[in-house]
Amino acid sequence: MITLYSKATSNGRKASIMLEETGLSYRVRAMDLDAREQKEPWFIALNPQGRIPVIVDDDGPDGRSATVFESGAILIYLAEKSGRFLPVDGRARADVLKWLMYASTHLTFTGMQVHWQVRLRDEGRPHDLLSVWQEENNRVYGAFEQGLADGRPFLAGDAYSIADIAAFPWIHRWKMQEITLEDFPAVGAWYARVGARDAVRRGLDVPPRGDAL
Ligand SMILES: N[C@@H](CCC(=O)N[C@@H](CS)C(=O)NCC(=O)O)C(=O)O
């Protein structure tokens, strides 16, 4: 059995969408980030950086329990465990990994900066870097637009992959990021295509969040 320690945030949702997509059996331990459960010693023992998501797989690759943190690493681990959404070799694997890394680094980091700056603004606190990060975020959306502009249905080509799962939860927050989605038509079409998947819709609400965001 896999235990997912998470909250339905953009990073947490990468893991929950993947678990829903693969059909692997899992249970959820909802984390109260406001109560700072993620900084308690028992959780730091699972992830030294004290952040969600984390999975613990009782049935790891060598038959022993395996703990995995970092959402991108979780996606690769679950892809290899299930044999789905990551080609085993060659060009197809390289195409998935390059977009997975781009989504896991630039998109994720830039999205987090915008999120924090918006939060500061909404709390009436200084948010001097909001426009800087929003500009960078637009640049990142531009890279996704360029990648999808040849009409491919998914980031790595014809097949849905963990690259799409890594990117979707952050692009799902485009309104909060104050992105004009019409400026990125290929991204908009991709977003609708991925968002229509049943497993994606289910995974967005794990653990139950109670709103559509
Ligand atoms: N690079 C990490 C980022 C994880 C992350 O920032 N998680 C956030 C929620 S989206 C978190 O746990 N925040 C609580 C905290 O920083 O204390 C990943 O991709 O898993």
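Counting starts from 1 at the beginning of each chain's written sequence and moves along it residue by residue. For this predicted model, a pLDDT threshold of at least 70 governs which residues receive local features, and a threshold of 80 or more governs which side-chain atom pairs are given and counted, while totals over whole chains, interfaces and linings are taken from all residues. Side-chain measures were taken over the full set of non-hydrogen atoms in the model, leaving aside hydrogen atoms and water.

Caption draft 1: Structural detail: the site of the ligand. Lining the immediate environment of the ligand, one finds Thr 9, Asn 11, Gln 38, Lys 39, Gln 49, Gly 50, Arg 51, Ile 52, Pro 53, Glu 70, Ser 71 and Met 112. A distance of 3.0 Å is found between an oxygen atom of the ligand and a side-chain nitrogen or oxygen belonging to Arg 51. Identification of polar contacts relies on pairs of N or O atoms within 3.5 Å, with a donor-acceptor requirement for protein atoms, meaning one able to donate a hydrogen and the other able to accept it, and with residues adjacent in sequence counted only if both atoms are side-chain atoms. At 2.6 Å from an oxygen atom of the ligand is found a side-chain nitrogen or oxygen belonging to Ser 71. When the ligand is considered free in solution it has 520 Å² of accessible area, and contact with the protein chains removes 84% of it. Think of it as three bins: nonpolar holds Ala, Val, Leu, Ile, Met, Phe, Trp, Tyr, Cys and Pro, charged holds Asp, Glu, Lys and Arg, and polar takes everything else, Gly as well. Within the shell around the ligand, the residues separate by chemical class into three nonpolar, six polar and three charged. Here a residue counts as near a molecule or strand whenever at least one of its heavy atoms sits within 4 Å of it. Accessible surface is estimated by sampling points in the Shrake-Rupley manner with a 1.4 Å probe; for residues, cover comes only from the protein chains shown.

Caption draft 2: Quick look at the packing of aromatic side chains. Here the aromatic set is Phe, Tyr and Trp, taking the six-membered ring for Trp, and pairing holds for ring centres within 6.5 Å; pairs whose planes are under 30 degrees apart are stacked, those over 60 apart are edge-to-face, and all others are tilted. Considering all chains together, one arrives at twelve aromatic pairs under this definition. For the ring pair Tyr 5 and Trp 42, a centre distance of 6.0 Å and an interplane angle of 50 degrees mean the geometry is tilted. Taken together, the residues span a long stretch of sequence, with Tyr 5 in strand S1 (residues 2-6) and Trp 42 in helix H2 (residues 41-44) at a distance of 37 residues. Classification of Tyr 5 by relative accessible area gives buried; the value is 15%. Pairing Tyr 141 with Phe 184 gives two aromatic rings, centres 5.6 Å apart and planes at 50 degrees, and the pair type is tilted. Here the residue Tyr 141 occupies a position in helix H5 (residues 130-148), and Phe 184 occupies one in the loop between helix H6 (162-171) and helix H7 (185-195), the gap between them amounting to 43 residues. According to the relative accessible area criterion, Phe 184 is buried, its value standing at 8%. Members of the aromatic cluster, connected to one another through ring pairs, are Tyr 5, Trp 42 and Phe 43. Sitting over the ring of Tyr 160, Arg 197 keeps its end group 3.6 Å from the ring centre. Secondary structure is summarised from DSSP: a helix means a run of H or I of at least four residues, a strand means a run of E of at least two, and numbering begins at the N terminus for each. We call a residue buried when its accessible area falls under 20% of the maximum for its residue type, exposed when it is over 50%, and partly exposed in between, using a 1.4 Å probe and counting protein chains only. Charges are assigned to positions over rings by a cutoff of 6 Å between ring centre and Lys NZ or Arg CZ, combined with an angular limit of 35 degrees from the ring normal.

Caption draft 3: View of the domain arrangement of the protein chain. How far each domain reaches was decided by an automatic or database domain assignment. Taken domain by domain, the protein chain consists of domain 1 (2-85) and domain 2 (90-197). Using C-alpha coordinates to define each centre, domain 1 is positioned 22 Å away from domain 2. Taken together, the contact between domain 1 and domain 2 spans 14 residues of the former and 20 residues of the latter. Computed with a 1.4 Å rolling probe, the buried area is the accessible surface lost when two parts are put together, summed over both parts. Buried surface at the junction of domain 1 and domain 2, both sides included, amounts to about 1,400 Å², of which 62% is carbon and sulfur. Sorting the residues of domain 1 by area buried against domain 2 places Ser 10, Lys 14 and Phe 85 first, and these three jointly supply 37% of that buried surface. Think of a salt bridge as a Lys or Arg side-chain nitrogen and an Asp or Glu carboxyl oxygen that are within 4 Å of each other. Applying the counting rule to domain 1 against domain 2 returns two salt bridges. Throughout, a residue-residue contact means that at least one pair of heavy atoms, one from each residue, lies within 4.5 Å.

Caption draft 4: Local environment of the nonpolar core. In this structure, Leu 107, Tyr 141, Phe 144, Ile 162 and Trp 190 are the most contacted members of the largest nonpolar core, which totals 53 residues. When contributions to this core are tallied by element, the ones reaching two or more residues are S1, helix H1 (10-22), strand S4 (66-69), helix H3 (71-82), helix H4 (90-122), H5, H6 and H7. A total of eight residues in this core trace back to one element, the largest contributor, which is H6. Counting the residues that make up this core, at least three belong to each of domain 1 (2-85) and domain 2 (90-197). Throughout, nonpolar core names a set of buried Ala, Val, Leu, Ile, Met, Phe, Trp, Tyr and Cys residues whose side chains join them through atoms within 4.5 Å.

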